[in-house]
Amino acid sequence: MSLKTMESSKVAITRKSKVYGVVITQVVQQVPVGKSTPDFTRKPAAMIVHEGRRAFFKAIVTGEPAPSVTWGRNKGDVNDPENYKIRYDEKNKEHILEIPKANADLVDTYKCFATNEYGTAVCSTTLKIIKGKEEAPQDFRAMLKKTNVVAKKKPLPPQKEGEIDPKLLEVLLSAPKRDYQRICLDFGVTDFRWLLKRLNQMKKEREDEQAKVVENLRNVKQIEVKPNGNAEFSLEMDLLDPKSTIYLYKDGTRVPYGNNGNSKISLQKRGSKYCFTIKDPQPEDAGFYQVDVGEINVLSSDFQVPAVEFVDKMKNAKVSENKDATFHCILSTPLNKVTWSTPDSSLEHGDKYEMSMSEDKLTHTLTIKHCAEADKGAYYAIAGTASCCASLMVEDQGVRFVSGLSDTTVITGGAAELYCKLSTENSEGRWYKNGKLLTNTDGVSIIKDGAHHKLIIDCCKKEDVAVYRFESDGRKSEATLNIQDPPKIDTCALGKFIKPVTVKAGETAEWKLKFSGGQPTSVQWNKDNDVLLNALNVKIEKSPTESKLHLAKCQRKDSGEVKIKIKNEFGTKEAISQLIVLGYPGTPLAPKVVRVCKECIGLAWCAPSNTGGTKIVGYNLEKRKKGSNYWSLVNQGGPIKDSKYEVKDVFEGAEYEFRVSAVNLSGPGDPSIPSDTVIARDPMKPPGKVTDLRVTSSNYTTMSLAWNKPKEVKGSEDEPQGYYVEIRPTESPEWNRCNDIPITPTTYTVRGLKPMAAYWVRVLSTNYGGNGEPQGFDNHIIAMPLPVHPKFKNSNMKSFVVVRSGNTIRLNIPFEASPFPEVSWYKDGTLVPKHVTVTTSDKASQMLIPTSERSDSGIYTIMVKNLVGQESFNVEIRVTDDPKPPGPVELDQNVPGTVTLSWAPSPDETKDHRLHYVVSKRDSFKHTWRTVAEKIFNNMFTVVDIVPGRQYHFRVFAKNDIGLSAPSLSPAFEIKKEREKFEVTVPPRKSLDLSSAPSFITPLRRHAPPEGYECHMSCAVKGAPVPRVAWYHGNVDLSTNTNYYITNVYGVCSLLILRVGAIDGGEYKVVVQNHLGSAECSMILNVRGKYKDP
């Protein structure tokens, strides 16, 4: 394929990023699985700095493979090292463009490009300069706030019922993860795992804000009371602008601070560390403290001063070295945490220090593990503003091992050194091997250098493997010496092995290699990373000191790397050789016709890419007449040395095909595919123009063409033998050929077009005489399908959706539009918030809210717009939760026969305007609950039709779009009924004779069931006394036949046939009789053929 064709096959697909303002261009048709185009997880923020100050642009990118990042600007480049410094922060994974000294010439729009082989992502940002004379630099003393003017900070939202305190989130944003549980307990939250997802999102947003004023923020310490009685909180930060003002707020009100110990609150700055101190804190100093740089918060801490005292203070402790020491204290009030510290710093729970408390949170314990000399001193317990102190003494236990012996492994013949260090330099010791005392006469070197003791073995052997022990003053340390004997390869044999082995195709290749080393030894042969095993053409010989490999009947494809891997328990050795197999040459491409006349045909071809490992000595050229299977050799005198030849043994008007094969030292290779058919005749005239060129179909990447064959004009225009299709972008002057080989059909589909790009298109006919004149269109063609007005494809889309709070909201709206539309989502008329994720393809758009909240309720609108028009669709989303029940129900009777119910509103009534109430009742007569009223939007309802003498119970439910709440029950209600005296006059009785002869109330009816189905016959009879019923089929009594199920329930007589068969057809009769008479009724049962599925 030519370079022009390859370039025309590239695509440029524009995709949207999750980060607003980032444009992704995909340059391949389909990205492979596991790969991805570049994207930005954080794009550079716009910068506004004073003239002469530093400016930073920082970006974080993703993509597989990892993209390369470059920077640019609209009005120039960023190659000047004096104005620009480009670097990569490995720790934070940030690509940084630094402008050391900003000035007016550098004000511009800057772009960041992230590129890999699958596409490019680009985003823009701006740099603005604040001109004018800048204030003189202020020292730290001038930066401190000493004014008494009280300024207010934007207050945190008030805590709502059933929700967490907003202060908790602010404190967690500034606290390390190890303190999350303690802080949550202080705020009354026992399980904080559900907060983490929301907290991570808030932390990311806070870090983006802080990056505007702080280059690096670290080591943030929450407020704590220190042993000196002062409370401190600190942080380390590198300000982008050293003149930035630092503000301190308490409960939302700015408080002044100084820079010396005389102020109530002071700030000390040491390098990049800022430490605030509250002198002699009192209960009134408790509150919510915040530190801001300008208007950006960098630290939040909640300072609590509980009213607590030490009931039982710490006691001094004395322990032996390497033992654990424990301090206890008992408080007057339960606390979640006591601060343990030394005079220099606070202690953290870990391997060295273990902090615990009792279940009642009154007794707190500090355990110091493995005490050493450095651990002795004073230890403090601080609770609120109260503190207590105790000292720790650590006793030395004489000589000890500072570092003991360690197991050592060496190779045979190497040197081994065993080393230990004692706590004192004047201590002596002895060395033992498997319990036997060692001296310098035992082939070892024993060295003492102060407190350091060494045992050295210069040349290790197998018999040196043992357990070695060092003893001093009753202390001892042991270690094991292991000797390894890894494989070794003979140097002379390795030099021969690595030389390439060259054989002809069909011959056998052999390798052998000698080695030594500890047994057992395994040997593995590999061929191009494939393990070789004994097979028909593979033979492997092994011995303890040598291995051989035989590869029989080698072929050209067997050429490659041969590797031997020798391995024992101590190591592995490898050696690599090469196999070169000389074979027959590869197949050349089909020969091309370069000249034609009636007496000869000129041909040319290219050498094959595979020469068979040797030089090509010539070519064999063969010919045949079209339609014949016989190939004849053209070059009877030997191989053709050149890559072109003129064949003169031809007949005028005959059609020929040619093929060529390469010849090397091994012989001729396979022939090429036949050439195009050529007629031995004088040169042809170029063909004419094609006619009726038209576009039959198109889309964003393809275009289908069709045309008619040009007419042949004798003497000037001959018949075409094929066609070329060429295209040219409107902005390019060069034509690109779509097909390298002429096509014979009069249709063609151009692929790889850029969406919405404009192209000029033309078609040329061709034959042996050359190319005809091109035929094109009068206007350019745009790569796009037919215009389609935007429309939504799913007619059953819901316009109202109810979602439980905390669940995911996902709206997938399919649409159809051409050209590709611009899709926008709105909430209540404005663009959707940042936490809403929108994903759009060419067929649908999806809106996703991973974790919904009540504030996400509203009317969401999708707008699909293109050049043809626009269409929109509204979906009302209501985010709510199970309603809380209303308050207690009270009953009041104002009107006889009625009762008025009133109740306290549900707590959710103010949050959900669609919430209403449902009232149900139950009386002592029916004992079932019945709804008496729904959609009650107030807190009162009057129930009517109250019957005296019955006891009533009522339930009131709160109901919203999710469902009903738990009920609120009313007390029992009853209107007492006063009974009057009731007399009954019984008339005289007359005897009646109700006897009657049997008769049919409802006779049998005719049935025609399908075969295999059930049939149910029934009739109704009367008579007194109750008559006897008998069923008959063809005068046969069915009373004792178990194939029929007969019942008689209160005069309704039934007969059931479970599976009707052909033998069940015929007359059925029912006879009823008593002592007064009898009656009968009959019907005909017709059985239809067996039912079959259509």
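Residues numbered from 1 in each chain as written. Predicted model: local features only at pLDDT ≥ 70, side-chain atom pairs only at ≥ 80, totals over all residues. Heavy atoms only, no water.

This part takes up the overall build of the protein chain. Scanning the protein chain for helices and strands turns up six helices and 86 strands. A globule of 1094 residues ought to have a C-alpha radius of gyration of about 31 Å, yet the protein chain, at 49 Å, is considerably larger. Seen along its three principal axes, the alpha-carbon backbone of the protein chain occupies a region of about 145 × 115 × 85 Å. Of the contacts formed within the protein chain by residues at least 6 apart in sequence, a portion of 63% connects residues at least 24 apart. (Helix = DSSP H or I, 4+ residues; strand = E, 2+ residues; numbered from the N terminus. Rg over C-alpha atoms; globule rule 2.2 N^0.38 Å. Contact = heavy atoms within 4.5 Å.)

In a beta sheet, neighbouring strands are held together by backbone hydrogen bonds and run either parallel or antiparallel to one another. One open sheet holds the four strands; their spatial order is β11-β12-β16-β15, and the pairing between them is antiparallel. Across the chains shown, the open sheet's two edge strands, defined by having one partner strand only, are β11 (214-225) and β15 (265-270). When the angles between neighbouring strand axes are averaged without regard to direction, this sheet yields 15°. For β11 and strand β12 (residues 231-239), the ladder comprises seven bridges, and the chain directions are antiparallel. Within the sheet, the bridge partner assigned to V225 lies in β12 and is A231. (Pairing = 2+ DSSP bridges. Axes fitted to C-alpha atoms, helices over the stretch in contact; angles between N-to-C directions.)

All right, on to the packing of aromatic side chains then. Evaluation of the coordinates by the stated rule reveals 17 aromatic pairs. For the pair F233 and Y289, a centre-to-centre distance of 6.0 Å together with 45° between the ring planes defines the contact as tilted. Linking F233 in strand β12 with Y289 in strand β17 (residues 287-293), this pair joins segments that are 56 residues apart in sequence. The same class applies to F233 as to Y289, namely buried. Aromatic pair F401 and F470: ring centres 6.3 Å apart, planes at 80°, arrangement edge-to-face. Taken as a pair, F401 in strand β27 (residues 401-403) and F470 in strand β34 (residues 466-472) lie far apart in primary sequence, 69 residues in all. Taken together, the ring pairs in this structure connect F233, Y257, F276, Y289 and F303 into an aromatic cluster. Sitting over the face of the ring of F56, K58 holds its NZ or CZ atom 5.8 Å from the ring centroid. Over the ring of W735 we find R728; its NZ or CZ atom is 5.2 Å from the centre of that ring. (Phe/Tyr/Trp six-rings, centres within 6.5 Å; stacked < 30°, edge-to-face > 60°. Buried < 20%, exposed > 50% of the residue type's maximum accessible area, 1.4 Å probe, protein only. Lys NZ or Arg CZ within 6 Å of the ring centre and 35° of its normal.)

This part covers the pattern of salt bridges. As a working rule, side chains carrying opposite charge can pair if their charged atoms are close by. Taken as a whole, this structure holds 42 salt bridges when the rule is applied. A salt bridge links K337 to E224; its shortest N-O distance comes to 3.8 Å. Placement of K337 in the loop between β21 (325-331) and β22 (339-341) and of E224 in strand β11 is noted, with a sequence separation of 113 residues between them. Taking the relative accessible area as the measure of exposure, K337 reaches 34% and is therefore partly exposed. The shortest N-O distance in the salt bridge between R950 and D923 comes to 3.8 Å. Here D923 lies in strand β73 (residues 916-923) and R950 lies in the loop between β75 (940-943) and β76 (951-959), a separation of 27 residues in the sequence. Residue classification places D923 among the buried residues on the basis of a relative accessible area of 10%. Through salt bridges with shared partners, one network takes in E876, R878, D912, R914 and D961. (Salt bridge = Lys/Arg side-chain N within 4 Å of Asp/Glu carboxyl O.)

The next point concerns helix α3 (residues 166-174). Every α-helix winds through 3.6 residues per turn, so residues three or four apart in the chain are directed the same way. A large share of α3 lies buried, amounting to eight of its nine residues. Listed in full, the buried residues belonging to α3 are P166, L168, L169, E170, V171, L172, L173 and S174. In this fold, the buried residues of α3 make contact with α4 (180-186), α5 (196-210), β11, β17 and β18 (296-303).

In this section: the side chain of D108. Inspection of the secondary structure puts D108 in strand β9 (residues 108-116). The class of D108 is buried, set by a relative accessible area of 8%. A distance of 2.9 Å separates polar atoms of two side chains, one belonging to D108 and the other to R73. Apart from the residues within four sequence positions on either side, D108 is in contact with R73, N74, K75, T125, T126 and L127. (Polar contact = N/O pair within 3.5 Å; in protein donor to acceptor, adjacent residues only side chain to side chain.)

All right, on to the environment of K101 then. Within the secondary structure, K101 is located in the loop between β8 (94-99) and β9. Contact partners of K101, with chain neighbours within four places excluded, come to G52, R53 and L106.

The next subject is unusual backbone geometry. In this structure, the amide linkage connecting E64 to the following residue, P65, adopts the cis form with an omega of 0°. Here P65 is to be found in the loop between β5 (55-64) and β6 (68-73). Looking along the chain, the bond that leaves A1024 and enters P1025 is cis, with omega of 0°. Inspection of the secondary structure puts P1025 in the loop between β80 (1015-1024) and β81 (1028-1033). Of note in this structure, D280 is not a glycine but carries a positive phi near 45°. Overall, D280 belongs to the partly exposed group, its relative accessible area being 47%. Even without a glycine there, the phi angle at H370 is positive, about 50°.

Ranked by size, the top nonpolar core spans 28 residues in total, and within it F233, M237 and L248 carry the most contacts. If you look at the next biggest cluster of nonpolar residues, it comprises 25 residues, including C329, L366, A381 and A383. (Core = buried A, V, L, I, M, F, W, Y, C linked by side-chain atoms within 4.5 Å.)

Here the focus is the state of the cysteines. What the rule picks out here adds up to zero disulfides. C420 takes part in no disulfide bond, and the closest cysteine sulfur to it belongs to C460, at a distance of 18 Å. (Disulfide = S-S within 2.5 Å.)

The first and last C-alpha atoms of α5 sit 20 Å apart over 15 residues, in line with the 21 Å expected at 1.5 Å per residue. Residues of α5 that are buried: L199, R206 and Q210. On an axial view of α5, the arc spanned by its buried residues comes to 40°, and they lie on one face. For α5, the elements touching its buried residues are α3, α4, β11 and β18. (Expected span 1.5 Å × (residues − 1). Arc of directions from axis to C-beta.)

This next bit is on the confidence of the model for the protein chain. Predicted confidence across the protein chain gives a mean pLDDT of 86, with 94% of residues reaching 70 or more. Within the model, the stretch residues 1-9 combines pLDDT values under 50 with twelve contacts to residues more than four positions away or in other chains. In this model, residues 133-150 is a region of pLDDT below 50 whose contacts with residues beyond four sequence positions or in other chains number 30 contacts. (pLDDT = per-residue confidence, 0-100.)

Here we take up the pairing of strand β13 (residues 246-250). Across the five residues of β13, four count as buried, placing the element largely inside the fold. The pairing of β13 with β17 spans five bridges and is classified as antiparallel. Across the sheet, I246 pairs through a bridge with V293, a residue of β17. Judged from the two bridges that link them, β13 and strand β14 (residues 253-254) form a sheet pairing that is antiparallel. Within β14, the position partnered with Y249 by the bridge is R254. Remark: two residues form the turn of the hairpin made by β13 and β14, two consecutive strands paired antiparallel; D251 in that turn has positive phi of roughly 55°.

The subject of this paragraph is the sheet that holds strand β42 (residues 546-551). Spatial ordering of the open sheet is given by β36-β38-β42-β41, a layout of four strands whose pairing is antiparallel. Of all the strands in the sheet, the pair left with one neighbour each is β36 (488-489) and β41 (538-542). Bridge count between β41 and β42: five bridges; the pairing is antiparallel. What sits directly across from K542, in β42, is S547.

At a closest axis distance of 10 Å, the pairing of α3 and α5 adopts a crossing angle of 65°. In this structure, the crossing between α3 and α5 has a hand that is right-handed. Residue-level contacts link L169, E170, L172 and L173 of α3 to R198, L199, M202, K203 and R206 of α5. Looking at the contact of α3 with α5 residue by residue, the classes come out as five nonpolar, no polar and four charged. (Left-handed = near helix turned anticlockwise from the far one by under 90°. Nonpolar A, V, L, I, M, F, W, Y, C, P; charged D, E, K, R; others polar.)

A cluster of basic residues, K496, K499, K512 and K514, forms a positive patch at the surface. Mapping K499 onto the fold places it in the loop between α6 (491-497) and β37 (501-504). By relative accessible area, which is 56% here, K499 ends up exposed. (Patch = residues over 30% accessible without salt bridge, like charges linked within 9 Å, V, L, I, M, F, W, Y side chains within 5 Å. Areas by Shrake-Rupley, 256 points an atom, 1.4 Å probe, with all protein chains shown as cover. Lys, Arg positive; Asp, Glu negative; His and termini not counted. Charge placed at Lys NZ, Arg CZ, Asp CG, Glu CD.)

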